[in-house]
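As a plain string of letters, each chain reads:
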Amino acid sequence: MAGVWLDNWEGLKNLMLLGTVSDSIRADWDTVLNTSGRLITASTGNGSVSPMAGYYNGNSGRTHASSPNAIVFGTGDEAPSAADYCLQEKWTSNLSRVALTESNSYDDNSYTKTKVLDCTVQNTGAEAVTVREWGIESSILGNPVLLYRAVLSSPVTLYQYETATFRCTLSMRLTDPI
């Protein structure tokens, strides 16, 4: 299962590095679209986040304010593209996150941080749920923004009250260490 880091992630990285970008410099360097396709501008959202930050578990005491990222799931099966800004068909009901664990490590020699996420979901509806896609969603001033999208190589079908745990391993290397 190969996924794609989206143009939104590139825009967020540039926003973090450049701060508020003036239209006279290069407005498209920090282009970010929310999951509805609406442009979030530097002046709209100065609170950039990283997929290496904390993750939200809808059924724990944590909130999006304290953990800006979330693993999201859907039924779409089209190949991901960097131009995607939302899941093809996001699950918004009957699929609940019941547990989320995170572990982090940092390699001083390669300047690489690795985050391992185990996200357990449960089908709380009467109908079967088939998970075919997933992504990393973040929030900029209350606007949901998809940073990463992947399609599972083997879809996972959950019947009522069944659970599944999905593991996501992220590694990011600091390319210009101080």
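The structure we're discussing is the one just above.
Because the structure is predicted, anything quoted here is derived from the model rather than measured.

Asker: Before we move on, can you summarise the sheet that holds strand 4 (residues 70-74) with the specific residues and values?
Answerer: With antiparallel pairing, 4 strands are arranged side by side in an open sheet as 1-8-7-4. Because the sheet does not close on itself, it has two edges, and the strands there are strand 1 (3-5) and strand 4. This sheet shows a mean twist of 20° between the axes of neighbouring strands, independent of strand direction. As judged from the 11 bridges shared by strand 7 (residues 129-140) and strand 8 (residues 143-158), these two strands associate in the antiparallel manner. What sits directly across from serine 138, in strand 8, is valine 145.

Asker: So, the side chain of asparagine 69: which residues are in play, and what are the values?
Answerer: Structurally, asparagine 69 is set in the loop between strand 3 (39-40) and strand 4. What makes asparagine 69 buried here is its relative accessible area of 0%. Within the local environment of asparagine 69, its side chain forms a polar contact with the side chain of serine 138, the two groups lying 3.0 Å apart.

Asker: So what's going on with the sheet that holds strand 9 (residues 163-173)? Residues and values would help.
Answerer: Here 3 strands make up an open sheet; going across it, the order is 5-6-9 and the pairing antiparallel. On the outer flanks of this sheet lie strand 5 (95-107) and strand 9, each paired with one strand and no other. Taken pair by pair, the neighbouring strands of this sheet meet at an average axis angle of 15°, ignoring direction. For strand 5 and strand 6 (residues 112-123), the ladder comprises 12 bridges, and the chain directions are antiparallel. Counterpart to arginine 97 in the pairing with strand 6 is valine 121.

Asker: Could you give me a rundown of the packing of aromatic side chains, with the residues and numbers involved?
Answerer: All chains considered together, the criterion is met by 4 aromatic pairs. A ring pair is formed by phenylalanine 73 and phenylalanine 166, whose centres lie 4.9 Å apart and whose planes are at 40°; its orientation type is tilted. With phenylalanine 73 in strand 4 and phenylalanine 166 in strand 9, this residue pair connects regions lying 93 residues apart in the sequence. Across the pair, exposure class does not vary: phenylalanine 73 and phenylalanine 166 are buried alike. Ring pairing ties together the aromatic residues Trp5, Trp9, Trp134 and Tyr148, which thus form one cluster.

Each value, and the rule that gives it
Residues numbered from 1 in each chain as written. Predicted model: local features only at pLDDT ≥ 70, side-chain atom pairs only at ≥ 80, totals over all residues. Heavy atoms only, no water. Pairing = 2+ DSSP bridges. Helix = DSSP H or I, 4+ residues; strand = E, 2+ residues; numbered from the N terminus. Axes fitted to C-alpha atoms, helices over the stretch in contact; angles between N-to-C directions. Buried < 20%, exposed > 50% of the residue type's maximum accessible area, 1.4 Å probe, protein only. Polar contact = N/O pair within 3.5 Å; in protein donor to acceptor, adjacent residues only side chain to side chain. Phe/Tyr/Trp six-rings, centres within 6.5 Å; stacked < 30°, edge-to-face > 60°.

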